[in-house]
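Chain and residue survey
Residue strings, one per chain:
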Amino acid sequence: MLEVLNLSHTYGSTRVLHDVSFTVAEGEILGLLGPNGAGKSTTMRILTGYLQPSSGRVLFAGKDIQKEPLALRSQLGYMPENVPLYPELTVEEHLVWTARLKEAADAKGDTAAVMERCRLTEARGKLVRHLSKGFRQRVGLAQAILGPTRLLILDEPTAGLDPQQIREIRDLIRELGKDKTILLSTHILPEVELTCDRVLIINEGRIVAEGTPGGLVDTFGRHGSHIIRLDVDQADAGEALKTLDAPAWVRSVEVSYEQYGEGAFTVTTDGAADRRADIIRLATQAGYGVLEFKPAGAGLEDAFVNLVHRQAGLAENGGETQAGAQGAGS
Ligand SMILES: Nc1ncnc2c1ncn2[C@@H]1O[C@H](COP(=O)(O)OP(=O)(O)OP(=O)(O)O)[C@@H](O)[C@H]1O
């Protein structure tokens, strides 16, 4: 549905996007995940036509949005990071006004349906200035889906919400995802794990990995820390630790008896290769029995931290900064 081709962007003399390319397929919920300043908002502003890229193209249903902006505008719902709303209007007045701006034939009818969908009906008479942040986000989402919207672009939709509000907005996004294509940005990992079908990880203006949340965990979980539990007691922990710490590719070993039980060690490798078999071999060749072996905290968070660290390490060593991780699990 959306094709992003070689986008680059420069603010003044600072290049913040480097040759960013990806596609968004019809019906999917795609997450753009990256730390603060990675270039998420810049990418989204370009996709919505608010910002002209320094170079690159965006095609919506095959049409170049720079040449034919209306092809996208009428079918796009955009929720910026801070939803601008008029505080002196009620929820309903605001949405009817938005529906009229979007040239709805039945502004009141469409508003009623959208308020129902976004669970705003009970708050219809409230002034926007009296709404909680969670309700303001719902009004932002309601505005975005009014009209013939097929594609929703949501910039940090849960930023600044409390845990209950976050859950409600996530549920709502998933529900909207049943009949809309959604691209959302976030720097919060559980967000993509819980909401998205596919994830792009962006760091320093580059797409450094792409895949399903599970696929990325699988790929990058191999390179991080692992828990190994051996048949050694407390007294022999020092000797076992020395054995595990011997190879140059081991970055650190910690005794983790308290967290993971007697005989447990956390082994962190340099991330350059999959060392799982090597760690087990190291222990067994030294005569230890391996009782348990598992990745330490194999969440997307570890995957993400590993990836960003690896990218930083490669850059320091003058290597290629693109981690070449595209396609993991997708
Ligand atoms: N209008 C601007 N002028 C100059 N630099 C900008 C401008 N907007 C953003 N930047 C810079 O561009 C880089 C990318 O910013 P962007 O807002 O796209 O990142 P982000 O991933 O959305 O981060 P955040 O979550 O913090 O908003 C940052 O270094 C930021 O300081």
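Rules behind the numbers
Residues numbered from 1 in each chain as written. Predicted model: local features only at pLDDT ≥ 70, side-chain atom pairs only at ≥ 80, totals over all residues. Helix = DSSP H or I, 4+ residues; strand = E, 2+ residues; numbered from the N terminus. Expected span 1.5 Å × (residues − 1). Buried ≥ 20, exposed ≤ 12 C-beta atoms within 10 Å, placed from the backbone. Arc of directions from axis to C-beta. Contact = placed C-beta atoms within 7 Å. Near = placed C-beta within 6 Å. Core = buried A, V, L, I, M, F, W, Y, C linked by C-beta atoms within 7 Å.

All right, on to helix α6 (residues 163-176) then. Taking 1.5 Å of rise per residue, 14 residues should cover 20 Å, and α6 covers 20 Å from first to last C-alpha, within 8% of that figure. Here α6 has its buried residues at I166, I169, I173 and L176. In a view along the axis of α6, the buried residues occupy a sector of 90 degrees, so they form one face of it. Facing away from the buried surface of α6 by more than 90 degrees, the exposed residues are P163 and Q164. Residues of α6 that are buried in the fold lie against α5 (133-145), β7 (151-155), β8 (181-186) and α7 (189-195).

Turning to the site of the ligand, a few remarks are in order. Taken together, the residues surrounding the ligand are Y11, V16, G34, N36, G37, A38, G39, K40, S41, T42 and H187. Tallying contributions element by element places helix α1 (residues 40-47) first for the shell around the ligand, with three residues.

With that out of the way, let us pick up the nonpolar core. Ranked by size, the top nonpolar core spans 56 residues in total, and within it A142, I145, L152, I153, I182 and L200 carry the most contacts. The dominant element in this core, judged by the number of residues it contributes, is α5, at five residues. Excluding residues within four positions of it along the chain, L200 makes contact with F22, L30, L32, L33, I207 and E210. Listed in part, the 12 residues of the second largest apolar core include L230, V232, A264 and V267.

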